[in-house]
Amino acid sequence: MTRTFGTQAAVAAADAVRARTRVTPRVGIILGSGLGGIASAIEGPTRIPYGDVPGFPAATIAGHAGELIAGTLSGTPVVALSGRFHMYEGHDAALAGFPVRVLHALGASTLIVSNAAGSARLVPGTLMLITDHINLMFRSPLIGPVEDGDVRFPDMSQPYDPELRAIALRVAREQGIALAEGVYAGLLGPAYETRAEVRMLQTLGADAMGMSTVPEVVVARARGMRVLGVSCVTNFASGLAAAPITHDDVLETTARVAARLQQLVRGVVAAL
């Protein structure tokens, strides 16, 4: 059985990308809402609209450019995805994780994921190194026949690579970047959380929450990729601040923090 967003489809998408660029990435980077500025630091870029990549729908969320950028970052060949696919847009979990399959098919063995996240504990504007996650989307991109090259039951005891986290902490320390650590809760969305849900998340041990990332990390681990995750904490969750939450506020905060995230990612990539 051939799945729409499985290994064969990823190879076909990777072949289409290779027809446009000679870059064979060591690192794949996924950029969240308002965090596409990292793409501007990529040297010798080839920009490919998502519409030109087989299996990729157009990005529909503000702050997501919807393009694949291949080039070098800190001397390392990379492919960055400016924009991602969310299940709250109506996409299947398999599609949410599909871009990671394409990055792996292109040659990337390391995945760096970033996202904008609400805070259960941390001050907005904080960069949070993800140490672990809680999948409250209650969906898996691996459901169905096992894909060629996947681990059927991937171990998730350390989904975010300890060595990569150590590198990120060292880079942050050397560059004077404040970097917290915490647990990310992945929620289906698209509504923001209620006050009762925020209290539940705090009880469960979540430090930040968002509506992405988890399907990508699950696929990466099934493919044997090393993963580093960083959240840009953009706002206090419901009930922790007086003002209501808006997506415009999320984008405004990421714009302020983006330079620090770019500096951190460039430093990590240089150290690999």
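As the structure is a computational prediction, the values presented were derived from the model and not from experiment.

**A word on the overall build of the protein**
Part 1: Within the protein one finds six helices and nine strands.
Part 2: What you see for the protein is a C-alpha radius of gyration of 17 Å, in line with the 19 Å of a compact globule of 272 residues.
Part 3: The principal-axis extents of the C-alpha atoms in the protein amount to approximately 50 × 40 × 35 Å.
Part 4: Sequence separation of 24 or more characterises 83% of the internal contacts of the protein that already satisfy a separation of 6 or more.
Part 5: Surface summary for the protein: the accessible area is close to 11,000 Å², and the carbon and sulfur share equals 53%.
Part 6: Averaged over its 22 positive side-chain charges, the protein has a centre that lies 3 Å from the centre of its 22 negative ones.

**Some details on the pattern of salt bridges**
Part 1: What the rule picks out here adds up to ten salt bridges.
Part 2: The partner of aspartate 52 in a salt bridge is arginine 20, with the nearest N and O atoms 3.4 Å apart. One end of the pair, aspartate 52, is in the loop between strand E2 (43-49) and strand E3 (67-73); the other, arginine 20, is in the loop between helix H1 (7-18) and strand E1 (27-31), and 32 residues separate them in sequence.
Part 3: Residue classification places aspartate 52 among the partly exposed residues on the basis of a relative accessible area of 41%.
Part 4: Residues joined by salt bridges that share partners form a network here, namely Arg101, Asp150 and Arg223.

**Side note on the pairing of strand E7 (residues 179-187)**
Part 1: The buried fraction of E7 is high, at eight of nine residues.
Part 2: In terms of strand pairing, strand E6 (residues 127-136) meets E7 through nine bridges, oriented parallel. Each residue of the ladder has a partner; that of isoleucine 130, found in E7, is glycine 182.
Part 3: Here E7 runs beside strand E8 (residues 208-210); their pairing, made up of three bridges, is parallel.

**Regarding the pairing of strand E4 (residues 76-82)**
Part 1: With six of seven residues buried, E4 is to be regarded as a mostly interior element.
Part 2: Between the antiparallel neighbours E3 and E4 lie two residues, among them serine 74 with a positive phi of about 55°.

Cut-off values and rules
- Residues numbered from 1 in each chain as written.
- Predicted model: local features only at pLDDT ≥ 70, side-chain atom pairs only at ≥ 80, totals over all residues.
- Heavy atoms only, no water.
- Helix = DSSP H or I, 4+ residues; strand = E, 2+ residues; numbered from the N terminus.
- Rg over C-alpha atoms; globule rule 2.2 N^0.38 Å.
- Contact = heavy atoms within 4.5 Å.
- Areas by Shrake-Rupley, 256 points an atom, 1.4 Å probe, with all protein chains shown as cover.
- Lys, Arg positive; Asp, Glu negative; His and termini not counted.
- Charge placed at Lys NZ, Arg CZ, Asp CG, Glu CD.
- Salt bridge = Lys/Arg side-chain N within 4 Å of Asp/Glu carboxyl O.
- Buried < 20%, exposed > 50% of the residue type's maximum accessible area, 1.4 Å probe, protein only.
- Pairing = 2+ DSSP bridges.

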